[in-house]
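# An overview of the molecular structure
Single-letter residue listing:
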Amino acid sequence: AQSVTQPDIHITVSEGASLELRCNYSYGATPYLFWYVQSPGQGLQLLLKYFSGDTLVQGIKGFEAEFKRSQSSFNLRKPSVHWSDAAEYFCAVGRVSNDYKLSFGAGTTVTVRA
Amino acid sequence: EPEVTQTPSHQVTQMGQEVILRCVPISNHLYFYWYRQILGQKVEFLVSFYNNEISEKSEIFDDQFSVERPDGSNFTLKIRSTKLEDSAMYFCASSEAELAKNIQYFGAGTRLSVL
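Now for a quick tour of the structure. Residue indices begin from 1 for each chain and proceed along its sequence in written order. Just so you know, chain letters begin at A and ligand numbers begin at 1, following the order they were written in. With the structure being a predicted model, the display of local features is reserved for residues of pLDDT at least 70 and the display and counting of side-chain atom pairs for 80 or more, all residues being used for whole-chain, interface and lining totals. With hydrogens and water stripped out, all remaining heavy atoms of the structure feed into the side-chain values.

### Thoughts on the state of the cysteines
Selection rule: Sulfur atoms of two cysteines make up a disulfide when they are within 2.5 Å. By definition, any uninterrupted DSSP run of H or I lasting at least four residues is a helix, any uninterrupted run of E lasting at least two residues is a strand, and each is numbered from the N terminus. Remark: exposure states derive from per-residue accessible area (1.4 Å probe, protein chains only) relative to the maximum for the residue type, with buried under 20%, exposed over 50%, and partly exposed in between.
Under the counting rule described, the total for this entry stands at two disulfides over all chains. The side chain of C23(A) participates in a disulfide bridge whose partner is C91(A); the two sulfur atoms lie 1.9 Å from each other. Disulfide C23(A)-C91(A): the torsion about the S-S bond is -65°, which places it as left-handed. Within this pair, whereas C23(A) is found in the loop between β3 (19–21) and β4 (24–26), its partner C91(A) is found in strand β10 (residues 87–95), the two being separated by 68 residues in sequence. By relative accessible area, which is 0% here, C23(A) ends up buried. The disulfide that involves C23(B) links it to C92(B), with 2.0 Å between the sulfurs. Here the disulfide of C23(B) and C92(B) is left-handed, its torsion about the S-S bond being about -65°. Here C92(B) lies in strand β9 (residues 88–95) and C23(B) lies in strand β3 (residues 19–24), a separation of 69 residues in the sequence. The pair C23(B) / C92(B) is uniform in exposure class, with both members buried.

### Thoughts on the layout of surface pockets
Short version of the rule: Using protein atoms alone on a 1 Å grid, points that fit a 1.4 Å probe yet trap it form a cavity, whereas open point sets bounded by protein on both sides within 12 Å along at least five of seven lines form a pocket; residues with an atom within 4 Å of a point count as lining. Grid points are joined across faces, edges and corners, and a volume is the space filled by probe spheres set on the points. Residue type decides the class: Asp, Glu, Lys and Arg count as charged, Ala, Val, Leu, Ile, Met, Phe, Trp, Tyr, Cys and Pro as nonpolar, and the leftover types, Gly among them, as polar.
Estimated volume of the largest pocket: approximately 540 Å³. Every residue lining the largest pocket is counted, 24 residues in all, and those nearest its centre are L44(A), Q45(A), E1(B), E3(B) and F106(B). Secondary structure elements with two or more residues in the lining of the largest pocket: β5 (31–38) and β6 (44–50) of chain A together with β1 (5–7) and β10 (105–106) of chain B. Tallying contributions element by element places β6(A) first for the lining of the largest pocket, with five residues. Residue composition of the lining of the largest pocket, by class: twelve nonpolar, nine polar and three charged. Put simply, the second largest pocket is a space of about 360 Å³. Lining the second largest pocket are 18 residues, and of these K101(A), S103(A), E44(B), F45(B) and E59(B) lie nearest its centre. Where the lining of the second largest pocket is concerned, the elements lending two or more residues are β1 (3–5) and β11 (102–104) of chain A together with β5 (43–50) and β6 (53–57) of chain B. Looking at the lining of the second largest pocket residue by residue, the classes come out as seven nonpolar, five polar and six charged.

Shown next, in the form of structure tokens:
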């Protein structure tokens, strides 16, 4: 069964500093990979996705993520965070088959300090 | 921008009562999903629905749960006899096609509190 690990429960960063959120997955085949963000009172918003091709993917709000098959990782990065990036971030995996469900990590809460 | 709408945002119910959580998926989407997140835990898949039938369900989705698309716009999750452990945030999602080559759009969630 697929699983997703987000090792960091909570990260605090200063505004303007860089941010990297880690995601590792366990999967027996080529996965589809996603990052979602949830701001307070909001739904899960897709930041970016990886299906195939270029392993560095660009998303919305200045985020990018890199798929590294050898490390089973899909880490999310942003070069310079804004106070509005404070939210909870979820990594998710879907299977490349007729499997409809997403498997989510536990989430990482990002706090941005002035 | 089209969005998935869920109502109510917060539902409080007594143990043993039936609840219906409502979702309006994005209008041209064909696949519908329910997930839940118990406080402090992961978002978990419950069920997927396509062409008026369940495509896949998790072990959580037992006989107490059911889903329905009663008309062309709504997608509902019913819990027949709620238990304390059903307290969670429930997310509805929809996608234009199956997961392959497509993405799921999520609603803001319904927080269910079972007392």
